Amino acid sequence: MLARTIMVQGTASHVGKSVLVAALCRIFYQDGYRVAPFKSQNMALNSFVTRDGGEMGRAQVVQAEAAGIEPHVDMNPILLKPTGQASSQVIVLGRPVGNLSAREYHNGYAQKAWEIICQALDRLRRCYEIVAIEGAGSPAEVNLQATEIVNMRVARLAGAPVLLAADIDKGGALAAVVGTLELLPEEDRRRVAGIIINKFRGDLKLFQPAVDFLEAKTGIPVVGVVPYFEGFRVQEEDTVSEESLRRSRTSSRREVEIAVIHLPHISNFTDFDPLEDEPDVNVRYIGKGTPLGRPDLIILPGSKNTIEDLVSLKRSGLAGEICRLAREGVPVIGICGGFQMLGKELADPYHTESSIPRIEGLGLLDISTAFEPEKVTTQVEATVSGRGPLLSPARGQRVVGYEIHMGRTRLGPGAVPAFHIHRRSGEAVDCPDGAQDEQGLVFGTYIHGLFDDDGFRRQLLNALRLRKGLAPLEQGGTSHLEQRERDYDRLAAVVRGSLDMGRIYQFLGLPGPKSRGSMAGAV
């Protein structure tokens, strides 16, 4: 028997679709169902590598975690990673197939992609009881309705009732709902079973006339008004969270300041969520026009277009500031693309990422990088092998993470590896990773997810504290992964209390919860 399906679409991008689907996954999981997320096509720079080396969008990883299952590329069969103004790297079932322009993709490749989407959804529906589907952008983009493969076409394929979500925090939510429905063909309009108003602030009683208006105007029930929530984190899909950026613009009295350079094509920015959650750390995202100051640590993050982001860094003057501070003894860490930027040279002879064939790096590490057509995507287990004030306290410690890169980096005589990889995708290996300078204050690595490790993160932060004359802190009682699970439960509690779940189960054709475990309703 095929799984029942339900779909969340939005009146626009960034209305909270991915978070709502994560909440529904957690609710169904708490209620005793085997549930999986699905998004046919995702456009995002924030990605993850599965156990078998497949690359998929971070949002579906979050939703899978909320559902209590391991992520699989069938949950996001098509991932588009923008490489320029109108082109993307196309990743199919976890593997890159090439870079295509928007015209090439929509007018040629999309139909082939649709066949893959149908097969992936069918496999999921044969393994689970419920599939919670996420749309993309808006279903009312009339110029794309004939070729789209992510909204109503998926709903029709799955026979899924649609919940239409609108973000009221930005204003214009009622007009967006009515306008979206007006622009839909009649067949698709009938598929919309319920309306969700998301990110509401204020008194619900005062909002009731708006609910009455929407239901009278559209003939579709408002199945919930979800409040704007703060105080817990659900990882963002493809942009650094507004809360993180807001904190970057405000002063903080926290003892350790970390500056993350906000590159134009920043990727895998969720690497730094665990740092933001530390009680003694202020993470600031530094973009164009934001003063760098003199932080305790500078981090260069991953990038989907490393060379062009390095050009931007130089033009903005930030490259010069970073190099000056590094020479003055401010520690610098590079992750993936940021690691490559720290070197002497980056070459792209095959134009894998950029039209620029070669560029000088920041020169903070004695390394050089060349981009190759074949992408490395693998989960890894490694140990810390570097020395110096940053890595010596953690030397020999085991860390886990994942690699996503097309560059191959060669170390010169002035650099030594920072880590040593022992397993890749479950297979034993023996190879170095990353590099550090002779003083041990600058290092880089290809390992994403490094700061998820509670022990490594705290040892690094304590090394920064000692450099400031501050006493080290003990590792907290709740691990980062445990906190993430608690946040999923809190998200589910908020959304469960805001939606008419009885009606949603009716849409699914299911009687309701099978069981209500101890997680249900936990805050």
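Residues numbered from 1 in each chain as written. Predicted model: local features only at pLDDT ≥ 70, side-chain atom pairs only at ≥ 80, totals over all residues. Heavy atoms only, no water.

Novice: Explanation requested: helix α7 (residues 204-218) in the structure shown.
Specialist: Every α-helical turn comprises 3.6 residues, leaving residues that sit three or four positions apart pointing alike. The end-to-end C-alpha distance of α7 is 20 Å, a good match for the 21 Å that 15 residues give at a rise of 1.5 Å each. Listed as buried for α7 are F207, A210, V211 and L214. Buried residues along α7 sit against α5 (173-183), β11 (192-200) and β12 (222-227). Taking the backbone nitrogen of K205 as reference, a side-chain oxygen 2.9 Å away marks D203 as the first, capping residue of α7. (Helix = DSSP H or I, 4+ residues; strand = E, 2+ residues; numbered from the N terminus. Expected span 1.5 Å × (residues − 1). Buried < 20%, exposed > 50% of the residue type's maximum accessible area, 1.4 Å probe, protein only. Contact = heavy atoms within 4.5 Å. Polar contact = N/O pair within 3.5 Å; in protein donor to acceptor, adjacent residues only side chain to side chain.)

Novice: Can you walk me through the nonpolar core in this structure?
Specialist: Nonpolar side chains in soluble globular proteins generally cluster together in the buried interior. F28 and F38 are the most contacted members of the largest nonpolar core, which totals 92 residues. If one sorts the elements of this core by residue count, helix α3 (residues 102-127) sits on top with ten residues. In this structure F28 touches I6, Y33, V35, I130, M501, I504, Y505 and L508, once residues within four positions along its chain are discounted. Counting residues in hydrophobic clusters, the runner-up holds 67 residues, among them F339, F371, V384 and Y446. (Core = buried A, V, L, I, M, F, W, Y, C linked by side-chain atoms within 4.5 Å.)

Novice: Help me understand the environment of L164 in this model?
Specialist: Assignment of secondary structure puts L164 in strand β10 (residues 162-167). For the pair L164 and Q436, spaced 272 residues apart in sequence, the C-alpha to C-alpha distance is 50 Å.

Novice: In this structure, what is going on with the pairing of β10? I would like to understand it.
Specialist: Note on strand geometry: in a regular strand, side chains alternate between the two faces of the sheet. Counting buried residues along β10, six of its six residues qualify, which places the element largely inside the surrounding structure. Burial of the side chains of β10 extends over both faces: V162, L164 and A166 are buried on one face and L163, A165 and D167 on the other. As defined by bridge partners, strand β1 (residues 4-10) adjoins β10 across four bridges and the pair is classed as parallel. When the sheet's bridge partners are listed, G10 is paired in β10 with A165. Of the strand pairs in this sheet, β10 and β11 are connected by six bridges, and their pairing is parallel. Paired with L163 across the bridge in β11 is G194. (Pairing = 2+ DSSP bridges.)

Novice: What am I meant to see in the pattern of salt bridges here?
Specialist: Close approach of charged atoms allows side chains with opposite charge to pair. Throughout the structure, instances matching the rule amount to 34 salt bridges. Put simply, R458 and D280 hold a salt bridge, and the shortest N to O gap is 3.0 Å. Of this pair, R458 sits in helix α14 (residues 454-467) while D280 sits in the loop between α9 (273-276) and β15 (281-286), and the two are 178 residues apart along the sequence. Relative accessible area serves as the criterion here: at 5%, R458 is assigned to the buried category. Among the salt bridges present, the one from K468 reaches D296, with a minimum N-O distance of 3.2 Å. Pair noted here: K468 is in the loop between α14 and α15 (480-496) and D296 is in the loop between β15 and β16 (297-300), with a separation of 172 residues, a long-range link. When its relative accessible area of 41% is taken as the criterion, K468 is described as partly exposed. Exposure remark for D296: the relative accessible area of 14% places this residue in the buried category. (Salt bridge = Lys/Arg side-chain N within 4 Å of Asp/Glu carboxyl O.)

Note that every value here comes from positions in space, so none of it alone points to a role or purpose.
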